[in-house]
Amino acid sequence: MMIMKNTIAKLLAEEDIFDVHKQMDTAYFDVKNRELGLPIWKENTIDPIEEELMVCHEIGHALWTPLDMLENAQLRNLDASVVNVLEDARIEQKVKDKYLGTVRIFNEGYKTLIKKDFFGTSNKKDLTHFNLIDRINLHFKNHVGVPFSETEKVWVERTAKTQTPEDVLDLAEELVKWMGENPDSMGNQEGGADVNPHGSSSDAENQKDSEDDNELKNNEGDFDKEKSNEEVKGVD
């Protein structure tokens, strides 16, 4: 079964990507070394539909996230967590458009992950306390009932319309600037991501980035959990 999934991933990615399975929280795609990593969870708790979702997400990065996009994001000093969320939305839509059969996989896969509280939204958490980029991430990962103000909906719509890596980088820059000018969009969730208009975030993703200067360059394509609480592991 594992060999079959590896073959399917290579076929979808349209190249002979290198794939590994190891104990970790989630999946990743290393755009520099062309490596797809899929998690092994304790007691086989990962459902087949969840693994299929992660494969479909990561091959989207293999197909459409170029390495120079990540280099440009660093040169422009853009917030890594914001770029990751916006790029996830772009490449997942491209996967759905190219492989129509993946629509059900994304829908059902995210439904099961949400039930498992993969995104940290259980216990009746008030999603209005999440900052805007976290809520955009949840919205595009099929979380039901994510609230947005009328002015925030503009950014959700613009996220859905990104077509190119340049679109994503430009939108990330504009969005972070707008959030800095509109503090209500920052939320007040304890431990939430500190989106900084100067491109530096205090979430766990960027803690890891500070330890490894190549994290953004090599590992855009992580399958993102809710950004406030989880580092971007290898599902951006």
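Note that the coordinates shown come from a computational prediction; the quantities given were computed from them, not determined experimentally.

Peer 1: Could you clarify how one ought to interpret the packing of aromatic side chains in this entry?
Peer 2: How two aromatic rings sit relative to each other is given by the distance of their centres and the angle of their planes. In this structure the tally under the stated criterion is five aromatic pairs. A network of ring pairs unites the aromatic residues Trp41, Phe106, Tyr110, Phe118 and Phe119 as a single cluster.

Peer 1: Sorry, what's going on with the pattern of salt bridges here?
Peer 2: Where side chains of opposite charge bring their charged atoms close, a pairing between them can arise. Within this structure, the stated rule accounts for 14 salt bridges. Here Arg76 ties to Asp170 by a salt bridge, and the two come within 2.9 Å at their closest N and O atoms. Of this pair, Arg76 sits in the loop between helix 3 (67-75) and helix 4 (80-98) while Asp170 sits in helix 8 (residues 165-181); the two residues are 94 residues apart in sequence, bridging distant segments of the chain. Classification of Arg76 by relative accessible area gives partly exposed; the value is 32%. Each of Lys10, Asp16 and Asp19 takes part in salt bridges that share partners, so that together they form one network.

Peer 1: What should I look at first to understand the nonpolar core in this one?
Peer 2: Taken as a class, soluble globular proteins show a tendency for nonpolar side chains to be buried jointly. Among the nonpolar cores identified, the biggest contains 52 residues, and Ile59, Val83, Leu86, Leu132, Ile136 and Leu175 are the most heavily contacted of them. The biggest single contributor to this core is helix 8, with eight residues. Aside from chain neighbours lying at most four places away, what touches Leu175 is Val82, Leu86, Leu132, Ile133, Ile136 and Trp155.

Peer 1: Please explain the environment of Arg104 as it appears in this structure.
Peer 2: Tracing the sequence through the fold places Arg104 in helix 5 (residues 102-115). A C-alpha to C-alpha distance of 9.5 Å links Arg104 and Ile49, two positions 55 residues apart in sequence. Setting aside anything within four residues of it in sequence, one finds Arg104 in contact with Ile49, Glu52 and Gly109.

Peer 1: Please clarify how the sheet that holds strand 1 (residues 18-22) should be interpreted in this entry.
Peer 2: The strands making up a sheet associate through hydrogen bonds between their backbones, and the pairing can be parallel or antiparallel. If you walk across this open sheet you meet the three strands as 1-3-2, and the pairing is mixed. Every other strand in the sheet has two partners, leaving strand 1 and strand 2 (28-30) as the edge strands with one partner each. Taken pair by pair, the neighbouring strands of this sheet meet at an average axis angle of 20°, ignoring direction. Here strand 1 runs beside strand 3 (residues 35-39); their pairing, made up of five bridges, is parallel. Looking at the pairing, Lys22 lines up with Pro39 of strand 3.

Peer 1: Is there a simple way to explain the confidence of the model for the chain in this structure?
Peer 2: Where the model shows low pLDDT, its predicted coordinates should not be examined in detail. Residues with a pLDDT of 70 or more make up 76% of the chain, whose mean pLDDT is 80. Contacts of residues 196-221 to residues separated by more than four positions or lying in other chains number 71 contacts, the stretch itself having pLDDT below 50. Below a pLDDT of 50 lies the segment residues 225-236, which in the model reaches 68 contacts outside its immediate sequence neighbourhood of four places, other chains included.

Peer 1: Teacher, can you tell me more about helix 2 (residues 48-64) here?
Peer 2: Count 3.6 residues to each turn of an α-helix, and residues three or four apart come out pointing the same way. Under the 1.5 Å per step criterion, the end-to-end length of helix 2 is 25 Å for 17 residues, consistent within 8% with the ideal 24 Å. In terms of residue burial, helix 2 counts as a mostly covered element, since 13 of its 17 residues are buried.

Peer 1: Explanation requested: the packing of helix 2 against helix 4 in the structure shown.
Peer 2: How two helices pack is summed up by the angle between their axes together with the distance between the axes. Where helix 2 meets helix 4, the axes come as close as 9 Å, and the angle between the chain directions of the two elements is 95°. Taken together, the axes of helix 2 and helix 4 lie roughly perpendicular to each other. Residue-level contacts link Cys56, His57, Ile59, Gly60, His61, Leu63 and Trp64 of helix 2 to Glu87, Asp88, Arg90, Ile91, Glu92, Lys94, Val95 and Lys98 of helix 4. In terms of residue class, the contact of helix 2 with helix 4 is built from six nonpolar, three polar and six charged.

Rules used in this analysis
- Residues numbered from 1 in each chain as written.
- Predicted model: local features only at pLDDT ≥ 70, side-chain atom pairs only at ≥ 80, totals over all residues.
- Heavy atoms only, no water.
- Phe/Tyr/Trp six-rings, centres within 6.5 Å; stacked < 30°, edge-to-face > 60°.
- Salt bridge = Lys/Arg side-chain N within 4 Å of Asp/Glu carboxyl O.
- Helix = DSSP H or I, 4+ residues; strand = E, 2+ residues; numbered from the N terminus.
- Buried < 20%, exposed > 50% of the residue type's maximum accessible area, 1.4 Å probe, protein only.
- Core = buried A, V, L, I, M, F, W, Y, C linked by side-chain atoms within 4.5 Å.
- Contact = heavy atoms within 4.5 Å.
- Pairing = 2+ DSSP bridges.
- Axes fitted to C-alpha atoms, helices over the stretch in contact; angles between N-to-C directions.
- pLDDT = per-residue confidence, 0-100.
- Expected span 1.5 Å × (residues − 1).
- Parallel < 35°, antiparallel > 145°, perpendicular 65-115°, else oblique.
- Nonpolar A, V, L, I, M, F, W, Y, C, P; charged D, E, K, R; others polar.

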